[in-house]
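Listed here are the chains, written in short residue letters.
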Amino acid sequence: MKKKISALLLSLALCAGLLAGCGTGETAEAPSDTDVQQVDSLKIAFSPYADADLISESTEPLEELLKAKLLEKGYDVGEIDMTVGTSYTAVGEALSAGSADLGFISGGNYVLFSDDCDVLLTALRYAINKDSENPADWNDGTIEENTEDMSTYYRCILLAGPSEKGQELLSKVNAGEELTWDDLNSATWAVLNPTSASGYIYPSLWLQEHYGKGISNLDNVVECDSHTTSVARLAAGQVDVMVSYGHIRIKNAPIWESDFGGTAPMVEQTGVIGVTDGIYNDMIAYSKTSDTMADEAFRQAVGESFIELAQTEEGQEIFGVFSQVGYDWGSDSDYDGERAAQALLKSMEA
């Protein structure tokens, strides 16, 4: 699971896989009007990885870019309707019902709804320079940084904030002391919906591994609608600990003070008190109940389009809002580890 792909090798692999004869100087011929197939609409739902307005603004250029790519591949799509789900579960339900053709979802959400949807692409992310399972190693006074390598997995961290209790827990970890269940249970936690891998499932597994209990056993839990909301509550001292993906501070450190009201740089006011096992990356899934996605050739064209767009400057800017920097073909079996995690989670919270 800890396989990392260098950006150079990724580019070569995608080039070889997608463009037969890449590097030969040949260019694909545009389809003639008689070859073009009409597709009335394509409905895409995004999970609330960030504030809904930010996602909507960042992805607005995707409509025309994706239309143009699909037209190159012989499909004239009349309308691309993009929405941000009110929750992770809502996007899974939309895929299940066929009211969304494509969904940007987490592995945890996929496993819950995989009877009615399937993996199209797995997201690639830049690996970060901290990957230790020892939380104190993350607290070296620097914010995490992206590397040039790409990774198919990420970690979840338990991040303590500037509140008195948050700093108390952080001081113990940095001093090499083991946190007790009572330590953690005395804190107020920000978590996401139970279908979120980094916002609920893996932190709960971490608690089970270390203390024999899960998030459902904590006395003070606040469910947030997005990671951004969790950061805001952490900065305001409304919660003492939040759970999120390992690169959460990379995204939010620059705006910690200006947007969230932090009273000092984020690296000074927050610290890691726990690190989970690796989590397989999020995906673009397609609905099995969608008539639009029933055409395998169209699915292939959609997948190729996203892969190619992610290699452009415009695509990088768009998909960066999800902390995704590329895509590769995925398969259902990639998420068997997620199924095992959810099975364990259900057994321990039954």
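Residues numbered from 1 in each chain as written. Predicted model: local features only at pLDDT ≥ 70, side-chain atom pairs only at ≥ 80, totals over all residues. Heavy atoms only, no water.

## Topic: unusual backbone geometry
Across residues other than glycine, the phi torsion is negative in most instances, and most of the peptide bonds are trans.
Argument step 1. If you check the backbone angles, S323 has positive phi at about 60° while not being a glycine.
Argument step 2. The topology assignment puts S323 in the loop between α13 (313–319) and β13 (326–329). (Helix = DSSP H or I, 4+ residues; strand = E, 2+ residues; numbered from the N terminus.)

## A few points about the sheet that holds strand β8 (residues 189–191)
Argument step 1. Read from one edge to the other, the open sheet built from five strands follows the order β9-β8-β10-β7-β11, with strand pairing classed as mixed. At either margin of the open sheet sits one strand with a lone partner, and together these are β9 (221–223) and β11 (271–280). Pairs of neighbouring strands in the sheet enclose a mean axial angle of 25°, with direction left out of account.
Argument step 2. Alignment of β8 against β9, held across three bridges, turns out to be parallel. Bridged to W189 within β9 is V221.
Argument step 3. On the sheet, helix α9 (residues 227–235) packs against β7 (153–160), β8, β9 and β10 (241–245) and is oriented at approximately 150° with respect to β10. (Pairing = 2+ DSSP bridges. Axes fitted to C-alpha atoms, helices over the stretch in contact; angles between N-to-C directions. Contact = heavy atoms within 4.5 Å.)

## Observations concerning the pattern of salt bridges
Argument step 1. Taken as a whole and assessed by the stated rule, the structure comprises 16 salt bridges.
Argument step 2. The salt bridge involving R339 is made with D332; its shortest N-O contact spans 2.6 Å.
Argument step 3. Several salt bridges converge on common partners, so that one network encompasses K69, E72, K73, E304 and E308. (Salt bridge = Lys/Arg side-chain N within 4 Å of Asp/Glu carboxyl O.)

These results come straight from atomic positions and should not be treated as a statement about function.
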